[in-house]
Amino acid sequence: TGRAERSEISELADTRDAMVAPGKLRVIARAPTDDMPHRRMLVWVDIWVDDAFVRVVPVSFAVQAYQTAYVARQDVRVGRIVQDHEFDSRQIDIAESAAPVAVLKDAATWRMKHSVSRGGVLLKNQVEEAPAVARGESATLRSQVGVLTLESKVEVLQDGYPGQMVKVRLAAASGAVLARVTGAGLLEMTEK
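Values in this document were obtained by computation on a predicted structure and should not be read as measured data.

**Quick word on the overall build of the protein**
Helix and strand content of the protein: 0 helices and 12 strands. Listing the helices and strands of the protein from first to last along the sequence gives β-β-β-β-β-β-β-β-β-β-β-β. When burial is assessed residue by residue, the protein has 32% of its 192 residues classed as buried. Taking contacts inside the protein between residues at least 6 apart in sequence as the whole, the part at least 24 apart equals 50%.

This is the structure:
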């Protein structure tokens, strides 16, 4: 279970005994085809006696695999920037999860794509990288004219990530202009 921080496995009682001839016995477990842990997993075991392959035997295991995850302290809605205080960090059994859990190094850089209910585990498919500028928010627009740099507040009309061009509207303007996203809450407009 490569994705787990710790795991516990136990052989299930339904494994049958394999009868083999006497000799130097070697038992080699094949790597599982799925690296995600599941509640019950099957491992194929090759049996060799005196360097001769004898047979392959399936062995079933009950699996518990634990990983640190975020668990919601309250309902968290779509579109919100993830806040550390809205989640508890604790170990959960990921063999029961439908998808790998997200462990967020810097929560403020993530936005909710799907809601999570109180007590729910935050999954990778529920978050996305937060944009540097977000639709409906204000941002700082810098424009360079020769050696003069002008700054003004603008309304962002679409989400944008560093390097992207997005539409923005100046405070007293009726139309939109394009500006390049340069960082969190920052845009620049260059002369054509």
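**Things to note about the packing of aromatic side chains**
Under the definition given, this model contains 2 aromatic pairs. Plain terms: the ring middles of Trp 48 and Phe 53 are 5.6 Å apart, the flat faces sit at 75° to each other, and that makes the pair edge-to-face. Geometrically, the ring pair formed by Tyr 70 and Phe 87 is edge-to-face, given 5.8 Å between the ring centres and 70° between the ring planes. Here the residue Tyr 70 occupies a position in strand S4 (residues 52-72), and Phe 87 occupies one in strand S5 (residues 87-93), the gap between them amounting to 17 residues. When its relative accessible area of 12% is taken as the criterion, Tyr 70 is described as buried.

**Section: the confidence of the model for the protein**
Of the residues in the protein, 89% have a pLDDT of 70 or more, and the chain-wide mean is 84. Mean pLDDT across the elements of the protein bottoms out in strand S1 (residues 6-11) (80) and peaks in strand S10 (residues 165-170) (94).

**So, the environment of Leu 123**
Take Leu 123: it is sitting in the loop between strand S6 (110-112) and strand S7 (127-129). A C-alpha to C-alpha distance of 9.6 Å links Leu 123 and Val 71, two positions 52 residues apart in sequence.

**Quick look at the sheet that holds S10**
An order of S8-S9-S10-S11-S12 is seen for the 5 strands of this closed barrel, with the pairing classed as mixed. Adjacent strand axes in the sheet meet at a mean angle of 55° when their direction is disregarded. One ladder, built from 8 bridges, connects strand S8 (residues 138-145) with strand S9 (residues 148-156); its direction is antiparallel. Opposite Arg 142, over in S9, you have Glu 151 as the bridge partner.

**Remarks on the nonpolar core**
Across soluble globular proteins, you tend to see nonpolar side chains buried next to one another. Residues Val 59, Phe 61, Val 63, Ala 65, Ile 92 and Ile 94 are the most contacted members of the largest nonpolar core, which totals 15 residues. Looking at this core, the elements with two or more residues in it are strand S3 (40-49) and S4. Core analysis: the second largest hydrophobic core is formed by 11 residues, Ala 132, Val 154, Val 156 and Ala 179 among them.

**Here's the deal with the pattern of salt bridges**
It is possible for side chains of opposite charge to pair when their charged atoms get near one another. Summed over the entire model, instances satisfying the criterion amount to 9 salt bridges. Note that Arg 30 is salt-bridged to Asp 46, the shortest N-O span being 2.9 Å. Note that Arg 30 is positioned in the loop between strand S2 (25-29) and S3 and Asp 46 in strand S3, a separation of 16 residues in sequence. Take Arg 30: its relative accessible area is 42%, and that puts it in the partly exposed class. Owing to a relative accessible area of 14%, Asp 46 belongs among the buried residues under this scheme. For the salt bridge of Arg 80 with Glu 86, the shortest nitrogen-to-oxygen distance reads 2.3 Å. The exposure class assigned to Arg 80 is partly exposed, which follows from its relative accessible area of 30%. Taking the relative accessible area as the measure of exposure, Glu 86 reaches 1% and is therefore buried. Each of the salt bridges in this network shares a partner with another, and the network as a whole consists of Arg 111, Glu 128 and Asp 159.

Criteria and thresholds
Residues numbered from 1 in each chain as written. Predicted model: local features only at pLDDT ≥ 70, side-chain atom pairs only at ≥ 80, totals over all residues. Heavy atoms only, no water. Helix = DSSP H or I, 4+ residues; strand = E, 2+ residues; numbered from the N terminus. Buried < 20%, exposed > 50% of the residue type's maximum accessible area, 1.4 Å probe, protein only. Contact = heavy atoms within 4.5 Å. Phe/Tyr/Trp six-rings, centres within 6.5 Å; stacked < 30°, edge-to-face > 60°. pLDDT = per-residue confidence, 0-100. Pairing = 2+ DSSP bridges. Axes fitted to C-alpha atoms, helices over the stretch in contact; angles between N-to-C directions. Core = buried A, V, L, I, M, F, W, Y, C linked by side-chain atoms within 4.5 Å. Salt bridge = Lys/Arg side-chain N within 4 Å of Asp/Glu carboxyl O.

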